[in-house]
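# Structure at a glance
Okay, here's what each chain looks like letter by letter:
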Amino acid sequence: MEKIKTDINVGEQIFDNIPSAVRPDWAGLILSHFDRHIEKLPIEIIGLYEIIEDSKKWKTAHVQFTAIRKLNLKNTNSEFETYLCLAECIAKITYNASELPAPFDAHSGFFIPQLALKFAHTISDEYLSQEVKATILIFNRNKGIKKSIKSAKDLITYKKIDNILWYDRDPIGINDVAPRDEYSGYVTGIFKLKKEGADRLKIGKKLLDLETNTIGMPSNLEECLIVADKILAV
C-alpha cells in the first residue's frame, strides 16, 4: 500500500489497467467510500456524482472541476484539501472520458490512488482503508475483464451492489466489526436479478427471503424495498 501512496508510477500502472469507458465510474466508486465520513457532502461533490452517473453529462465535468477547484481555494482544512484534490482529479478524468477537445492533462488519473489512500489514512478507519484499496485495485485483480467493456461495467455494478448490502442494509448490524465479505455470498443472486431486469418488488422479496430464511434475522418488506430502489438506481 505504501508504494501506491508514494510512487506515481504505481498510480500510472493502476490507472492504465482500467478501461477508459469505466474510469469515471471506478473513480466515483472510490470517492463514494468517503461519503459516510463527511458531515455534509458539498453540492459540488453531489453534482460530480450526478455527472459520473450519466455518460452524456461527462462533457460538463470541465465546469464541475472549476467549481470544485473554487471550493478548494476557499478551503482551510489541509486534510479536506486532499479529498477535494481527489475530486478535482476525478472531474478531470471524467471530462477526458468524454473524448471532447481540450482534455485535461493525461496523468490526472495517476494521482487518484495515492490521494484516496492518503485521505483514508486521515480518517483512521482500517475498514475504510481496506475498502478504498480494494476498489483502487479492482481491475488489477480482475485483469481479464479489461478486454470487455460490458464485463468491466458489470464488475463496477457488482461492487456497488455489494456496497449497498454492506453499508445501506447490514441486517445483522456488524459492518463495523465483522469481515468485509459477510454479505458477499448474497450479491451474486441480487446482481443476477438486476441484470435480468427484475422490478423493485422482486428484488425486495429476494432480500426479504435472504434476511429471514438464510441469515435468520427479522426483517420487513418495506425496508427491503428501499434497498431494492437503491440497487435499481445503480
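Residues numbered from 1 in each chain as written. Predicted model: local features only at pLDDT ≥ 70, side-chain atom pairs only at ≥ 80, totals over all residues. Heavy atoms only, no water.

Right, let's get into the overall build of the chain. Check the secondary structure of the chain and you find twelve helices and zero strands. For 234 residues, the compact-globule estimate of 2.2 N^0.38 gives 17 Å, and the chain sits close to it at 18 Å. For the chain, the C-alpha atoms occupy an extent of roughly 50 × 35 × 30 Å along the three principal directions. Counting across all 234 residues of the chain, residues that qualify as buried make up 45%. (Helix = DSSP H or I, 4+ residues; strand = E, 2+ residues; numbered from the N terminus. Rg over C-alpha atoms; globule rule 2.2 N^0.38 Å. Buried < 20%, exposed > 50% of the residue type's maximum accessible area, 1.4 Å probe, protein only.)

Let us now look at the packing of helix 10 (residues 184–195) against helix 11 (residues 200–214). Axis angle and axis distance: for two packed helices, these are the angle between their axes and the distance between the axes, and together they describe the pair. In contact at an axis separation of 10 Å, helix 10 and helix 11 are set at 165° when each is read in the N-to-C sense. Overall, the two elements helix 10 and helix 11 adopt an arrangement that is roughly antiparallel. By crossing handedness, the relation of helix 10 to helix 11 is classed as right-handed. Here helix 10 contributes Tyr186, Ile190 and Leu193 to the contact with helix 11, which in turn contributes Lys202, Ile203, Lys206, Leu207, Leu210 and Thr214. Its residues assigned to classes, the contact of helix 10 with helix 11 comprises six nonpolar, one polar and two charged. (Axes fitted to C-alpha atoms, helices over the stretch in contact; angles between N-to-C directions. Parallel < 35°, antiparallel > 145°, perpendicular 65-115°, else oblique. Left-handed = near helix turned anticlockwise from the far one by under 90°. Contact = heavy atoms within 4.5 Å. Nonpolar A, V, L, I, M, F, W, Y, C, P; charged D, E, K, R; others polar.)

This part takes up the nonpolar core. What tends to happen in soluble globular proteins is that the nonpolar side chains get buried as a cluster. Membership of the largest hydrophobic core comes to 50 residues, with the highest contact counts inside it found for Trp26, Phe34, Ile112, Val132 and Phe139. Listed by contribution, the elements that provide at least two residues to this core are helix 2 (8–16), helix 3 (23–32), helix 4 (43–52), helix 5 (61–74), helix 6 (78–97), helix 7 (112–123), helix 8 (126–136) and helix 9 (149–169). Here this core takes ten residues from helix 6, the largest share from any one element. Dropping the residues within four chain positions of it, phenylalanine 34 is found in contact with Tyr83, Leu86, Ala116, Phe119, Ala120, Ile123, Leu128 and Val132. One finds Ile161, Ile190, Ile203 and Val227 within the second-largest nonpolar core, a separate group that totals 15 residues. (Core = buried A, V, L, I, M, F, W, Y, C linked by side-chain atoms within 4.5 Å.)

Turning our eyes to something else, we now look at the packing of helix 8 against helix 9. Packing of helix 8 against helix 9 brings their axes to within 12 Å, and their N-to-C directions diverge by 170°. Viewed along their axes, helix 8 and helix 9 adopt a mutual orientation that is roughly antiparallel. Where helix 8 crosses over helix 9, the handedness of that crossing is right-handed. Between helix 8, through Tyr127, Glu131 and Thr135, and helix 9, the contact on the second element is made entirely by Lys159, Asn163, Trp166 and Tyr167. The residue inventory of the contact of helix 8 with helix 9, partitioned by class, reads three nonpolar, two polar and two charged.

Quick look at the side chain of threonine 94 now. As for its placement among the helices and strands, threonine 94 is situated in helix 6. Exposure remark for threonine 94: the relative accessible area of 0% places this residue in the buried category. Dropping the residues within four chain positions of it, threonine 94 is found in contact with Pro24, Ile51, Ile52, Trp58 and Ala61.

Turning next to the pattern of salt bridges. A full pass over the atoms with the stated rule returns eight salt bridges. Note that lysine 92 and aspartate 105 form a salt bridge whose closest N and O atoms lie 3.7 Å from each other. Placement of the pair is lysine 92 in helix 6 and aspartate 105 in the loop between helix 6 and helix 7, with a sequence separation of 13 residues. In this structure, the salt-bridge partner of aspartate 154 is lysine 195, at a minimum N-O distance of 3.0 Å. Pair noted here: aspartate 154 is in helix 9 and lysine 195 is in helix 10, with a separation of 41 residues, a long-range link. (Salt bridge = Lys/Arg side-chain N within 4 Å of Asp/Glu carboxyl O.)

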